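Observations on the three-dimensional arrangement
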Amino acid sequence: MTRADYDMLRGWLGQDHVSPVWGPVEHEIALIDAEIDGGDCQMHVVGLEGAEFAFIQHWCPHLAGVPHFHDALPGTRAVDTFLGVPAFLGRGHAKAYVRQYAETLLKDGAPEVVTDPRVTNPRGISMFRGAGFVPGQIRPCEDGAMVQNMHLRRN
């Protein structure tokens, strides 16, 4: 992911299926911009056969200091994602790329990969379940919203 992707991300973040679960477009771009030059958060654009269609990132929940992951194992990586192109919705792509991404993080040494879709995002919860994530506790996140903690661990 590079700054050259920002206009594409702006379009994706404004989509009806993305905007209810992510923040305001320029706020999200500012968060991405703060990390793009070497912060802990690693961001990627997902593509298939030359077509870019999704965003995914991984980060350390301990460095971020988010309260709902206070008991994550040392070395854990958290993931966030959204599918930006509506034509890719409901076709299993998100489950596949999230599973592949998480398995790579586990192979690279993370003891577990966690995520935290809001409880008001049943589509996200279902997608992460389909990618192999196991639901844990429902907890309040840093802004007070309730999230479904989920994890995928090494076998």
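Note that the coordinates shown come from a computational prediction; the quantities given were computed from them, not determined experimentally.

1. Notes on the packing of aromatic side chains
Two measures describe an aromatic ring pair: the distance that separates the ring centres and the angle between the ring planes. Scanning the model with the defined rule gives eight aromatic pairs in all. Between the aromatic rings of Trp 22 and Phe 82, the centroid separation amounts to 4.9 Å while the plane-to-plane angle is 75°, which identifies the pairing as edge-to-face. One end of the pair, Trp 22, is in the loop between helix H1 (6-13) and helix H2 (25-35); the other, Phe 82, is in strand S3 (residues 77-83), and 60 residues separate them in sequence. Pair check on accessibility: Trp 22 and Phe 82 agree, each one buried. Ring geometry for Phe 128 versus Phe 133: centroids 5.3 Å apart, planes at 75°, classification edge-to-face. The buried category is assigned to Phe 128, whose relative accessible area is 5%. On the accessibility criterion, Phe 133 (3% relative accessible area) is buried. An aromatic cluster is built from Trp 12, Trp 22, Phe 55 and Phe 82, whose rings are joined through pairwise contacts. In this structure, Arg 91 packs its charged tip against the face of Phe 88, placed 5.7 Å from the ring centre.

2. Concerning the pattern of salt bridges
Counted under the stated rule, the structure contains nine salt bridges. Residue Asp 40 is joined to Arg 77 by a salt bridge in which the shortest nitrogen-to-oxygen separation is 3.0 Å. With Asp 40 in the loop between H2 and strand S1 (42-48) and Arg 77 in strand S3, the pair connects residues that are 37 residues apart, well separated along the chain. Notably, a salt bridge pairs Asp 143 with Arg 118, separated by 2.7 Å at the nearest N-O pair. Placement of the pair is Asp 143 in the loop between strand S5 (134-140) and strand S6 (146-153) and Arg 118 in the loop between strand S4 (112-115) and helix H5 (122-130), with a sequence separation of 25 residues. Take Arg 118: its relative accessible area is 28%, and that puts it in the partly exposed class. Residues joined in a network through salt bridges with shared partners are Arg 3, Asp 33 and Asp 37.

3. Some details on the confidence of the model for the chain
Residues of the chain with pLDDT of at least 70 account for 100%, and the chain-wide mean is 94. The secondary structure element of the chain with the lowest average pLDDT is helix H3 (residues 61-64), at 90, and the one with the highest is S4, at 98.

4. Considerations on the nonpolar core
Among the nonpolar cores identified, the biggest contains 22 residues, and Phe 53, Val 79, Tyr 97, Val 98, Val 113, Phe 128 and Phe 133 are the most heavily contacted of them. Those elements that place two or more of their residues in this core are strand S2 (51-59), S3, helix H4 (93-107), H5 and S6. The leading source of residues in this core is H4, at seven residues. Apart from residues lying up to four places away in sequence, Phe 133 is in contact with Val 79, Val 98, Ala 102, Val 113, Val 114, Thr 115, Phe 128, Met 150, His 151 and Leu 152. Core analysis: the second largest hydrophobic core is formed by 19 residues, Val 18, Trp 22, Val 66 and Phe 69 among them.

Conventions used here
- Residues numbered from 1 in each chain as written.
- Predicted model: local features only at pLDDT ≥ 70, side-chain atom pairs only at ≥ 80, totals over all residues.
- Heavy atoms only, no water.
- Phe/Tyr/Trp six-rings, centres within 6.5 Å; stacked < 30°, edge-to-face > 60°.
- Helix = DSSP H or I, 4+ residues; strand = E, 2+ residues; numbered from the N terminus.
- Buried < 20%, exposed > 50% of the residue type's maximum accessible area, 1.4 Å probe, protein only.
- Lys NZ or Arg CZ within 6 Å of the ring centre and 35° of its normal.
- Salt bridge = Lys/Arg side-chain N within 4 Å of Asp/Glu carboxyl O.
- pLDDT = per-residue confidence, 0-100.
- Core = buried A, V, L, I, M, F, W, Y, C linked by side-chain atoms within 4.5 Å.
- Contact = heavy atoms within 4.5 Å.

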